[in-house]
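What follows is the residue order along each chain.
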Amino acid sequence: MNIAVIGAGPAGLMAAEVLSAGGAHVTVYDRMPSVGRKFLLAGRGGLNLTHSEPLDTFLARYRESAPHLRAAIEAFPPTALRAWSDTLGQPTFVGSSGRIFPQAMKASPLLRAWLRRLDQSGVQLALRHRWTGWRANGELQFETSAGGTSIKPDATVIALGGASWPKLGADGGWIDSFKAKGIEIAPLRSANCGFRVEWSDLFRDRFEGQPLKGIALSFGGETVRGEATITRDGVEGSAIYALSAPLRDAVLAHGEVVLHVALRPDLGKHDLTARVSAPRQKQSISTYLRKAAGLPPVAIGLLQEAAIAGGLNLSAMDSGALAAFIDAVPVKLTGVAALDRAISTAGGIAFSEIDAQFMLQKMPGVFVAGEMLDWEAPTGGYLLQACFATGAAAGRGALNYLKR
């Protein structure tokens, strides 16, 4: 069984491991000079492999894609991913938020150990091979530094990712080749991304790069606690990413949306009102808000920015109105961050195009996995878990196909 795996990210490498363990001769092709570049970037601040919450809760994070991913994740759940990491000499731990990390906190030790095992199992790497589609006779075509080449494997697993951070390898260049075969592909869109806000020059110049900590964001009936960071042209951060799917869809549909920010969600309505009912005396509004409400300068700046945009005067507000404003600061989002700067990608090959084995129904013997499928998930370990799980599922599917 000679099997080609195209794409050397987590999904492709996991497919290669499953295939090799099943007795196949596997070659992994990738256009970059080294493997797992986006995987290494993901681990730069601490590699969040997966999450420890109950499996049903975990699966719900994939929203409408959960039914399509359930079987793959149940077959290779977070517990299996942790056990797999252990076998590579990279034990894991559960952080205070429930997220799971390797004890080394980095991606590089795990990737090095993984590549050693793949090499020992006979998996071959063909780097600097850019896949360009299929020839008329079904052969896979590649561009290399030495010119074009083609191969005809017994089966193929393709895991080329989405189109975020294209300089790391995933650039969406596979789309035209699949469309030429009549494969339905949902447009690629930014996921886990920031949003544009038309800040005033004064606010932007003073607060760019500063975090809003301990806040709660609300949109469309959902509320998320976490952090956000002011950027030069908008806002990003963990809490923003958690709401990015509905925010993105609303911005793309309507051009702009209003996100509400609670600056002191830890305080109840009455407690916050009582705090801002204290006599202001001769204090400036900024000093008063800092002392009475415990707001840092960036939060006070956001309040003032929103008040000016809404034609309001913070100093003239009574305590009830001021408390309500602090508890729901309106921020108008006017655009979505560019796809090449998003953490991940929404859209891709429709699940209606594949069978339960992750094989393209229109192309027997061709399997797809990872982020090039039409699903998305928030940060927190869900992205990598689904990439590993679908890669393993595609590998099993290819073995079953060849054995039949």
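Predicted model, so just to flag it, every value in this text is computed and none were measured. (Residues numbered from 1 in each chain as written. Predicted model: local features only at pLDDT ≥ 70, side-chain atom pairs only at ≥ 80, totals over all residues. Heavy atoms only, no water.)

(A) How the structure looks around the UniProt feature "domain: RsdA/BaiN/AoA(So)-like Rossmann fold-like" (unreviewed entry) in the protein. UniProt records the feature "domain: RsdA/BaiN/AoA(So)-like Rossmann fold-like" (unreviewed entry) for residues 2-396 in the present numbering. Within residues 2-396, the helical portion is 35% and the strand portion 24%, while the C-alpha atoms at the span's ends are 14 Å from each other. (UniProt positions renumbered as here; feature names shortened; annotations may be inferred. Helix = DSSP H or I, 4+ residues; strand = E, 2+ residues; numbered from the N terminus.)

(B) Molecular detail of the packing of helix 1 (residues 10-21) against helix 15 (residues 382-403). Relative to each other, helix 1 and helix 15 sit at 35°, their axes nearing to 7 Å. In the packing of helix 1 onto helix 15, the handedness of the crossing is right-handed. On the side of helix 1, the interface is formed by Pro10, Ala11, Met14, Ala15, Val18 and Leu19, while helix 15 contributes Leu384, Cys387, Phe388, Gly391, Ala392, Gly395, Arg396, Ala398 and Leu399. Residues that form the contact of helix 1 with helix 15 fall into these classes: 12 nonpolar, two polar and one charged. (Axes fitted to C-alpha atoms, helices over the stretch in contact; angles between N-to-C directions. Left-handed = near helix turned anticlockwise from the far one by under 90°. Contact = heavy atoms within 4.5 Å. Nonpolar A, V, L, I, M, F, W, Y, C, P; charged D, E, K, R; others polar.)

(C) Up close: the packing of aromatic side chains. Per the counting criterion, the structure on display carries 17 aromatic pairs. Seen from their ring centres, Phe39 and Phe388 are 6.4 Å apart, and the 85° between their planes marks the pair as edge-to-face. Remark: Phe388 occurs in helix 15 and Phe39 occurs in helix 2 (residues 37-42); sequence separation between them is 349 residues. In this structure Phe388 comes out as buried when scored by relative accessible area, which is 0%. Each ring, one from Tyr62 and one from Trp375, has its centre 6.0 Å from the other, and the planes form 65°; the classification is edge-to-face. One end of the pair, Tyr62, is in the loop between helix 3 (55-60) and helix 4 (66-75); the other, Trp375, is in the loop between strand 20 (366-368) and helix 15, and 313 residues separate them in sequence. (Phe/Tyr/Trp six-rings, centres within 6.5 Å; stacked < 30°, edge-to-face > 60°. Buried < 20%, exposed > 50% of the residue type's maximum accessible area, 1.4 Å probe, protein only.)

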